[in-house]
Amino acid sequence: MERMTLNTPVIALRGLTVFPDLTMSFDVEREISIYALDNAMDADRMIFLVTQRDIATALPEEKDLFNMGTLCRILQIIKTSETSVRVVVEGQQRARILRLWQTKPFLQAQIELVDEDFPGKHTNRVEALIRQTYAIFGAYKDLVGNLSDDFVSTVLDCRDPGQLADFVAQNINLRHGDRQRVLEELHPVKRLKLFNEILAHEVDVISLEVEMEQKVRARVARVQKDMILREQVKVLQHELGDDGDEELQEYAEKIDNAKLSDEVRKKLCKELDRLGKQPFGSAEASVIRNYLDTCLDMPWNKYTRDRADVAKARAILDRDHFGLEKVKERILEFIAVHQINPEAKGKILCLVGPPGVGKTSIAISVAKAMNRKLSRLSLGGVRDEADIRGHRKTYIGAMPGRIIDALIRAGSMNPLLVLDEIDKLANDSRGDPASALLEVLDAEQNGSFRDHFMELPVDLSRIMFITTANTTDTIPRPLLDRMELIELSSYTDEEKLEIAKRHLLPKQLKEHGLKKTQLKLSDNAIRRTISDYTRESGVRVLERQLGKLCRKTAMALVENNVKSVTITDKNLPDYLGTVRYTPGVHTTRDEIGVVNGLAWTEVGGEILEVEVNVMDGTGKLELTGNLGTVMQESAKAALSCLRSRTDSLRLEKEFYKTKDIHIHFPEAATPKDGPSAGIAITTAMLSALTGRLVRREVAMTGEVTLRGRVLPIGGLKEKTMAALRNGMKTVIIPKENEKDLQDIDPVVRKALHFIPVETVDAVFAAALVPETQADAVDHLSTFTADTSYTEVRHGNQL
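Keep in mind that what you see is a predicted model, and the values were worked out from it rather than measured.

(A) Spotlight on the overall build of the protein. Per the secondary structure count, the protein includes 29 helices and 26 strands. Expressed along its principal axes, the backbone C-alpha trace of the protein runs to roughly 145 × 80 × 50 Å. Relative to its full complement of 798 residues, the protein shows a buried share of 47%. The contacts of the protein with a sequence gap of at least 6 include a subset with a gap of at least 24, amounting to 74%. Accessible surface computed for the protein: about 41,300 Å², of which carbon and sulfur atoms make up 49%. In the protein, the 111 positive side-chain charges and the 121 negative ones have mean positions that sit 3 Å from each other.

Structure representation (structure tokens):
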């Protein structure tokens, strides 16, 4: 039998399904749907209603619609606003879309009318299915409870299985997918059976919802009831002046469950008894509660298990930090001792070094390596003793000291406590916090430390203390005596290079969202960044400069649409700007009266040039260059040393009366002090007095005495690095500093020739050009003793 086809306007429904022989009203807002209504009203009022697969689709196409829908007759259209209308339709017959041939200005499709299958005879099986529907529907009605009587009566009066399924499916809350399944089933009996399954599932879901809601309501009611009763009890207690026993019982249970010593338990129980005797709302009760809470927050007898594997600890330290071998070795020694003797007391280390060399970060890595809890205390600017020992609990706002607070935060009695910036402690009329630390950092006394707030013995002997400082000059001697000092010197350029490659650059790439392939930074570029754009002992400024390179790279990737940026030492100024630091002033040729000294500064080593001019005069000694007292005394000692050796050095015996000697250190705006320039001053004076040239590639450091002995100095590692950086080939050092060469960077040790000396005679032999060689030098390249250094320097610049 040939089925009838029609061309008719289409409205796509969102979440609705219309069934044949049933009436439905709905609102229409979409412009394409309103146009479809207008077209249908102009024709025969017939319109095809079909459900969308996804209700979020604004402009549906054929693939967005279900295939089966209902051909309806428009009964009424009511305008509800300027942009929407309400439509009342009556379903006529099921139909399916053959082709949606128009989508604008409204949907229009060729549809095929579909007849229902013949239901067959009304057998007992069909009757049983209908009764099953009535039973499930009854259960649904009891759970929902908001169905009208007319609707229920209509359902119970319906005897046709297909119409019963359609009617109930359209008028109860179902998912549009379930309604569509009912609509697409053409056999009435099978349709009712399918609907029974859907309705039974819906009844199960609603039953669970009702059960959950009842549980929530019961719980809320119980909570509200408890709250009301508690408030009533509080009011009664307030009227009677009684706090009740519940709070006291809670504190008593905490005291019983805590692993406390007899002294601590006795003290807390005594305070608990006092709390029970306090009237309601008294200030003393609040003080006691605060005291009990603080004491019970302490991790009494809670200890973490230390890592006993030296190899794993070494791997963690090497992963997080490059260099710092002395610190790592000391920590590993402690771990090894603890592996043999787990009951060993904690150690107190003091890491001393310039800013930015990793003192705080290595302490944090030590906590990881030892598997200990970490707590950090910044002591910079602390000037009140109560910050360390706490306040008496009788004061308003009293609290425990920082040591107890650190233990509470760590949650362990054997954490690693980092006392940062211990050299910056202050003191005033409120006490001296450095003196309060004497007990804390004394391994023989801190086993029973008493905080003023708690007034209970606390064992600090299992804690490992690591303090950090930039200098030991401001640390009181008794406090310094309690700590094991580990000095962290400045990083060499090669160490900075490795730190930048292993740690700083990957960190900055990650922070700026860059991949390794997007920024290619050569080793020479990093070296130039270190030498020309930073002047520091540590690596903080270097990290900021690498961050600047990453930002410039990100800008280039975005603006220039390139895939990667390559930075070398040649194009580095294009990214970091003009060079900020230039190498120190030093001579570049053999000269008379000019010596390359070596100096230690907070940002590393530097070349410290010494210039001496000798002129006819009355024996004056002029010192310029912003020199400190110690350096001025070194110059006077050098002059006395030469006067005592006039015969062996072939000097005029009365030179100190007939010659004026002017000693100058360039860069006069920078203060200079210390005795290590002694041999440099002595050599420069001898060169100027005798006219002998000083080797340009020789640098020296050492203190000189009146007898001509050369005494040891400090900062040899930084000084030798400065010598290498400035092109020196030979470094003269005191004999007693020869043992320190093993601590120097291997690259520096290999590149430089070191001459250990005990007397100034050995210095003169190594630093001064032999007289025979000096006589052979062309007169154009030699300078007399009274030649102005300023003229030489300006000539070199030209």
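Next comes the rest of the account.
(B) Summary view of the environment of Pro712. For Pro712, the location among the structural elements is in the loop between strand 24 (710-711) and helix 25 (716-725). Given the relative accessible area of 35%, Pro712 is considered partly exposed. Note: C-alpha distance between Pro712 and Gly702 (10 residues apart in sequence) is 6.1 Å. Discounting residues that sit within four places of it in the chain, Pro712 has contacts with Pro734, Glu736 and Asn737.

(C) Focus on the packing of aromatic side chains. Under the criterion given, the structure shown has 4 aromatic pairs. Ring centres 5.3 Å apart and planes at 45 degrees place the aromatic pair Phe151 and Phe167 in the tilted group. Residue Phe151 is located in helix 3 (residues 149-157), and its partner Phe167 is located in helix 4 (residues 161-171); the two are separated by 16 residues in the primary sequence. On the basis of relative accessibility, which here comes to 17%, the residue Phe167 falls in the buried class. The rings of Phe137, Phe151 and Phe167 are connected pair by pair, giving a single aromatic cluster. Between Arg462 and the ring centre of Tyr303, over which it is positioned, the NZ or CZ distance is 4.8 Å. The ring centre of Tyr656 lies 3.5 Å from the NZ or CZ of Arg643, which sits over that ring.

(D) Quick look at the pairing of strand 6 (residues 107-113). Of all the 7 residues making up strand 6, 6 are buried; the element is thus mostly covered by neighbouring parts of the structure. By the bridge criterion, 6 bridges tie strand 1 (residues 5-13) to strand 6 in an arrangement that is antiparallel. The partner of Val10 across the bridge, within strand 6, is Leu107. Connecting strand 5 (residues 85-102) to the next strand, strand 6, in antiparallel fashion are 4 residues.

(E) Examining unusual backbone geometry more closely. Cis peptide bonds are those with omega within 30 degrees of zero, and the linkage from Lys104 to Pro105 qualifies with 0 degrees. Note that Pro105 resides in the loop between strand 5 and strand 6. Notably, Asn301 is not glycine yet its phi reads approximately 55 degrees, a positive angle. Along the chain, Asn301 falls in the loop between helix 9 (283-297) and helix 10 (310-320). Assessed through its relative accessible area of 42%, Asn301 is described here as partly exposed. For Asn626, which is not glycine, the phi torsion reads 60 degrees and is therefore positive. You can see Asn626 is positioned in the loop between strand 19 (621-624) and helix 21 (629-643). Residue classification places Asn626 among the partly exposed positions, given a relative accessible area of 38%.

(F) Layout of the nonpolar core. Ranked by internal contacts, the top residues of the largest apolar core, which has 51 residues, are Leu268, Ile422, Leu437 and Leu441. The dominant element in this core, judged by the number of residues it contributes, is helix 9, at 6 residues. Dropping the residues within four chain positions of it, Leu441 is found in contact with Ile348, Leu419, Ile422, Phe465, Thr467, Leu479, Arg482 and Met483. Of all hydrophobic cores here, the second largest spans 50 residues; its members include Leu324, Ala369, Met370 and Ile567.

(G) Inspection of the packing of helix 3 against helix 4 at higher detail. Close contact between helix 3 and helix 4 brings their axes to 10 Å; oriented N to C, the two are set at 160 degrees. When the axes of helix 3 and helix 4 are compared, the pair comes out roughly antiparallel. In this structure, helix 3 crosses over helix 4, and the sense of that crossing is left-handed. In contact with Phe151, Thr154 and Val155 of helix 3, helix 4 contributes Leu164, Phe167, Val168 and Asn171. Split into classes, the residues belonging to the contact of helix 3 with helix 4 amount to 5 nonpolar, 2 polar and no charged.

(H) Molecular detail of the side chain of Asn196. Relative to the helices and strands, Asn196 resides in helix 6 (residues 188-240). Engagement of the side chain of Asn196 in a polar contact is seen with the side chain of Gln132, the distance being 3.2 Å.

(I) Region of interest: the packing of helix 17 (residues 493-511) against helix 19 (residues 540-559). Helix 19 packs onto helix 17 with a crossing angle of 50 degrees between their chain directions and a minimal axis gap of 10 Å. Taken together, the axis directions place helix 17 and helix 19 in an arrangement best described as oblique. As helix 17 runs across helix 19, the sense of the crossing is right-handed. In this structure, helix 17 uses Lys496, Ala500, Leu504, Leu505, Lys507, Gln508 and Leu509 to contact helix 19, whose residues at the interface are Leu542, Glu543, Leu546, Gly547 and Cys550. Here the residues of the contact of helix 17 with helix 19 are counted per class, giving 7 nonpolar, 2 polar and 3 charged.

(J) Looking closely at the sheet that holds strand 9 (residues 416-420). Pairing is parallel in the open sheet, where 5 strands are placed in the order 8-9-12-7-13. In the strand order of this sheet, the two ends are held by strand 8 (374-378) and strand 13 (484-487), each with one partner. Averaged over neighbouring strand pairs, the angle between their axes works out to 20 degrees when direction is ignored. With 4 bridges connecting them, strand 9 and strand 12 (residues 464-469) associate as parallel partners. Opposite Leu419, over in strand 12, you have Thr467 as the bridge partner. Strand contacts of helix 11 (residues 325-340): strand 7 (348-352), strand 12 and strand 13, with the helix running at about 145 degrees to strand 13, the strand carrying the most contacts.

Rules and cut-offs
Residues numbered from 1 in each chain as written. Predicted model: local features only at pLDDT ≥ 70, side-chain atom pairs only at ≥ 80, totals over all residues. Heavy atoms only, no water. Helix = DSSP H or I, 4+ residues; strand = E, 2+ residues; numbered from the N terminus. Buried < 20%, exposed > 50% of the residue type's maximum accessible area, 1.4 Å probe, protein only. Contact = heavy atoms within 4.5 Å. Areas by Shrake-Rupley, 256 points an atom, 1.4 Å probe, with all protein chains shown as cover. Lys, Arg positive; Asp, Glu negative; His and termini not counted. Charge placed at Lys NZ, Arg CZ, Asp CG, Glu CD. Phe/Tyr/Trp six-rings, centres within 6.5 Å; stacked < 30°, edge-to-face > 60°. Lys NZ or Arg CZ within 6 Å of the ring centre and 35° of its normal. Pairing = 2+ DSSP bridges. Core = buried A, V, L, I, M, F, W, Y, C linked by side-chain atoms within 4.5 Å. Axes fitted to C-alpha atoms, helices over the stretch in contact; angles between N-to-C directions. Parallel < 35°, antiparallel > 145°, perpendicular 65-115°, else oblique. Left-handed = near helix turned anticlockwise from the far one by under 90°. Nonpolar A, V, L, I, M, F, W, Y, C, P; charged D, E, K, R; others polar. Polar contact = N/O pair within 3.5 Å; in protein donor to acceptor, adjacent residues only side chain to side chain.

So far we have only geometry, and geometry alone does not tell us how the molecule works.
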